Amino acid sequence: MDFNYFFSQRNNTGISSYLIIADVAGILILMLGLKLSIIYFLDIFRLSKKLKNIICLIGSVMLIFSGINLVLFNRGLQTWFISIVFIMIASLLGRLAHRKF
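Bear in mind the structure is a predicted one, so any value in this text is a computation, not a measurement. (Residues numbered from 1 in each chain as written. Predicted model: local features only at pLDDT ≥ 70, side-chain atom pairs only at ≥ 80, totals over all residues. Heavy atoms only, no water.)

**Comments concerning the overall build of the chain**
Okay, so step 1: The helix and strand tally for the chain stands at 3 helices and 0 strands.
Okay, so step 2: The helix and strand sequence of the chain, counted from the amino end, reads α-α-α.
Okay, so step 3: With 101 residues in all, the chain has 29% of them scored as buried.
Okay, so step 4: For the chain, long-range pairs separated by at least 24 residues make up 60% of all intrachain contacts whose partners lie at least 6 apart in sequence. (Helix = DSSP H or I, 4+ residues; strand = E, 2+ residues; numbered from the N terminus. Buried < 20%, exposed > 50% of the residue type's maximum accessible area, 1.4 Å probe, protein only. Contact = heavy atoms within 4.5 Å.)

**Concerning the side chain of Asn69**
Okay, so step 1: Assignment of secondary structure puts Asn69 in helix α2 (residues 51–72).
Okay, so step 2: Apart from residues no more than four positions distant in its own chain, Asn69 is found in contact with Arg75, Thr79, Ile82 and Ser83.

**A word on the confidence of the model for the chain**
Okay, so step 1: Looking at the chain as a whole, its pLDDT mean stands at 84, while 83% of the residues score no less than 70.
Okay, so step 2: No element of the chain has a lower mean pLDDT than helix α1 (residues 17–46), at 90, and none a higher one than α2, at 93. (pLDDT = per-residue confidence, 0-100.)

**Topic: the nonpolar core**
Okay, so step 1: Counting 5 residues, the largest nonpolar core is built from Ile29, Met62, Leu63, Leu70 and Ala90.
Okay, so step 2: The element that contributes the greatest number of residues to this core is α2, accounting for 3 residues.
Okay, so step 3: In this structure, Leu63 is in contact with Ile29, Leu32, Gly33, Leu36, Ile87 and Ala90, ignoring residues within four places of it in sequence. (Core = buried A, V, L, I, M, F, W, Y, C linked by side-chain atoms within 4.5 Å.)

**Brief notes about the packing of α1 against helix α3 (residues 77–100)**
For any two helices packed against each other, one specifies the crossing angle of their axes together with the interaxial distance.
Okay, so step 1: Two numbers describe how α1 lies on α3: the axes approach to 12 Å, and their chain directions differ by 25°. One element, α1, and the other, α3, form an angle in the roughly parallel class. For the pair α1 and α3, the sense of crossing is left-handed. Across from Tyr18, Ile21, Ala22, Ala25, Ile29 and Tyr40 in α1, the residues of α3 making contact are Leu77, Trp80, Ile87 and His98. (Axes fitted to C-alpha atoms, helices over the stretch in contact; angles between N-to-C directions. Parallel < 35°, antiparallel > 145°, perpendicular 65-115°, else oblique. Left-handed = near helix turned anticlockwise from the far one by under 90°.)

This is the structure in structure tokens:
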């Protein structure tokens, strides 16, 4: 089995493996972002409006955007690239918030 089999629009069974992989990854990233957003929103609401929690909330919203991008749009590698950029921005925001504040 060659590598292009997984990323082709249709394989022999008529099911697009690429779209299934993108949907599963998108749903997992979306759920992680949603979970983190709820946690940081509750921290902001209950404890205080610290800048660290607000920056982390923005990072978790970026994860939600990344998951939505993978689930709803299927433009090939462009979709994956945009989602990876969103994930990297979210990671950098989280590291910035925990190191600086």
